[in-house]
Amino acid sequence: MTTLPAPFAPLVSGADGLDRYPSDPAALGARMAQIYGLPVDQVLPVRGLTHGLELVWRLAARDGLTVTAPEAEPYAGLAAIYARPGDDGETGAVVIRALGSPEAVVEMAGRVAPALLVVDEGLIEFSDARSAAEVIAAHANLVVLRSLSLAYGLAGARIGAALAQPATIARLAAMLEPWALPEPSVRLALQALDPSRMVETAQRIATVRAERERVAAALGRVMTVEAGVGPVLMTRPVDVTTALVALEKFGVTADVSGERLRLPLSIRPEVNDRLLTALGVGPAPHRAARTGQAVRDTKETRIVCTVDLDAPGPVAISTGVGFFDHMLEQVAAHGGFSIRLACEGDLHTDPHHTIEDSAIALGQALKQALGERRGIARYGFVLPMDEANASVSIDLSGRPYPLFGGTFATPFIGDYRTDLTAHVFRSLAEAMGAAIHVTVTGDDDHHKTEAVYKAFGRALRQAIRVEGDAIPSTKGVL
């Protein structure tokens, strides 16, 4: 089988290295081991849960064995989800879904030994369940399957992992086809699992869980709601067909399973409200949440930034430049809105890229959150701080125009380069689509810098305030 590279790279963006066959996904395996709290030799990256199951099937078929799934009833906390009609041969593997009981997994591992006990934990991040991976060390026949599909938003990339003792991992790895994991999927997975992404991922999962509870409580007034796992609710409406038609009118797609509906949940409350309204229990559709997110990955920085203009928190800033973190916290506090920003940058070189790219990402997130800018006040502010005086005039016009008047005698405040202050506001103006005019005077460069960021936060608070429903422009558009 050839391993020679293609004669040229594909005509697509981000194609560096894709003219060669995939490399060993060792870096992905190491990062997954950190995430799952296991030694690296107990983790095998696979193409999602289905690929992990396929490896189990291959292993059983090679040895002339069958794969079965037990009835759920004898095992508290377990539910069988996969079954394959078998012959009279010996069982090589039993596949179950664990719903949060490692003790039950221990009991069943003893029952089915020496057959492999394969536990599907594809949705465990969305629950309070303890992972069966906690007991892998004591059970050589236990395999736990994890997935990045829903918890990390990578359903289309098809990435997951099999977790087991080293000898079992080696048996499964022997079933892998050549170049089993596509290089683009591995790269996407490494980006999604980057430490700079984990706080935001946890927040997204928490939001979906909260929405699941809210929607389940509302639907419970008119139909039977079964325990939901992950971004899905299982329900039993009085009439499935009628419910489907109503959902389709509101643009909601649901799956039918006999007399049950599998309802999708969104991270966005206004989307879930459409589902509730369709089924006759929700409020009338309301103003969409003003949230925005920017993801920026370059050779110099990796950034994720999320803002919510209508929530005062959470505020979580981590760029590696302490004073800059403090300044962005001032923007959030005085702006009265939530910022979550994490950046992994090349600080060993200089803080320039980290500060500049973080400002760009924040501006992009703010632009997305503002949407068509309907009903906002649009303009804004002046702020004194001791001897310093900062003036920030803002126009959320959609047209970028930065002006900065002021100088700094001190080159650094901590690791923060004061000459980058003007650069930050230029990047914000350009990324947001706003005119931002800044002037600052005073004697203490710390005070002057902090006054500018605080004044910018106050200007934003005034400019993003919703005053009605009209677009604040005689043009009818911003």
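Note that the structure is predicted; figures quoted are calculated from it, not measured.

Draft legend 1. Spatial organisation of the overall build of the chain. What the chain contains, in helices and strands, is 12 helices and 21 strands. Taken over the C-alpha atoms alone, the chain extends approximately 85 × 55 × 45 Å along its principal axes. Burial statistics for the chain: of 478 residues in total, 48% are counted as buried. When the accessible area of the chain is evaluated, it comes to approximately 21800 Å², of which 54% is carbon and sulfur surface. Taking the average place of the 44 positive charges on the side chains of the chain and the average place of its 55 negative ones, the gap between the two points comes to 5 Å.

Draft legend 2. Geometry of the pattern of salt bridges. In total, this model carries 30 salt bridges according to the counting rule given. Between Arg417 and Asp350 there is a salt bridge, and its shortest N-O distance comes to 2.8 Å. Taken together, the residues span a long stretch of sequence, with Arg417 in strand 20 (residues 416-417) and Asp350 in the loop between strand 15 (338-345) and helix 10 (352-370) at a distance of 67 residues. On the basis of relative accessible area, Arg417 is assigned to the buried category, the value being 16%.

Draft legend 3. A look at the side chain of Ser391. Looking at the element boundaries, Ser391 is found in strand 17 (residues 388-395). For Ser391, the residues in contact, after removing those within four places along its chain, are Phe381, Val382, His437, Val438 and Thr439.

Draft legend 4. Focus on the pairing of strand 12 (residues 291-297). By the bridge criterion, seven bridges tie strand 12 to strand 13 (residues 301-308) in an arrangement that is antiparallel. Bridging from a neighbouring strand, Arg296 pairs with Ile303 of strand 13. What sits between the antiparallel neighbours strand 12 and strand 13 is a turn of three residues.

Draft legend 5. View of the sheet that holds strand 12. What the four strands build is an open sheet, ordered 12-13-15-14; its pairing is mixed. Looking at the sheet topology across the chains shown, the edges are occupied by strand 12 and strand 14 (316-318). Mean inter-strand twist for the sheet, computed between neighbouring axes without regard to direction, equals 5°. Relative to strand 15, strand 14 runs parallel, the two sharing three bridges. The residue bridging Ala316 from the neighbouring strand is Arg340, located in strand 15.

Draft legend 6. Region of interest: the sheet that holds strand 8 (residues 224-226). On the basis of which strands lie adjacent, the open sheet formed by four strands has the order 8-9-11-10 and antiparallel pairing. The two strands at the open ends of the sheet, each matched to only one other strand, are strand 8 and strand 10 (255-257). Between one strand axis and the next, the sheet turns through 30° on average, direction left out of account. Here strand 9 (residues 232-236) runs beside strand 11 (residues 260-264); their pairing, made up of four bridges, is antiparallel.

Draft legend 7. Broad picture of the side chain of His447. Relative to the assigned elements, His447 resides in helix 12 (residues 445-464). Among the polar contacts listed, one links the side chain of His447 to the side chain of Glu387, at a separation of 3.0 Å. The residues touching His447, leaving out its near neighbours within four places in the chain, are Met385, Asp386, Glu387 and Ala388.

Draft legend 8. Just unusual backbone geometry, in detail. Note the cis peptide between Ala113 and Pro114, where omega equals 10°. Positionally, Pro114 belongs in the loop between helix 3 (102-112) and strand 5 (116-120). A cis geometry characterises the amide bond from Gly313 onward to Pro314, with omega recorded as 5°. Tracing the backbone through its elements, the reader meets Pro314 in the loop between strand 13 and strand 14. Of note in this structure, Arg373 is not a glycine but carries a positive phi near 65°. Its location among the elements puts Arg373 in the loop between helix 10 and strand 16 (379-385). Arg373 sits in the buried class, given a relative accessible area of 3%. Positive phi values are uncommon outside glycine, yet Arg378 reaches one of about 85°. As for its position among the elements, Arg378 is in the loop between helix 10 and strand 16.

Analysis parameters
Residues numbered from 1 in each chain as written. Predicted model: local features only at pLDDT ≥ 70, side-chain atom pairs only at ≥ 80, totals over all residues. Heavy atoms only, no water. Helix = DSSP H or I, 4+ residues; strand = E, 2+ residues; numbered from the N terminus. Buried < 20%, exposed > 50% of the residue type's maximum accessible area, 1.4 Å probe, protein only. Areas by Shrake-Rupley, 256 points an atom, 1.4 Å probe, with all protein chains shown as cover. Lys, Arg positive; Asp, Glu negative; His and termini not counted. Charge placed at Lys NZ, Arg CZ, Asp CG, Glu CD. Salt bridge = Lys/Arg side-chain N within 4 Å of Asp/Glu carboxyl O. Contact = heavy atoms within 4.5 Å. Pairing = 2+ DSSP bridges. Axes fitted to C-alpha atoms, helices over the stretch in contact; angles between N-to-C directions. Polar contact = N/O pair within 3.5 Å; in protein donor to acceptor, adjacent residues only side chain to side chain.

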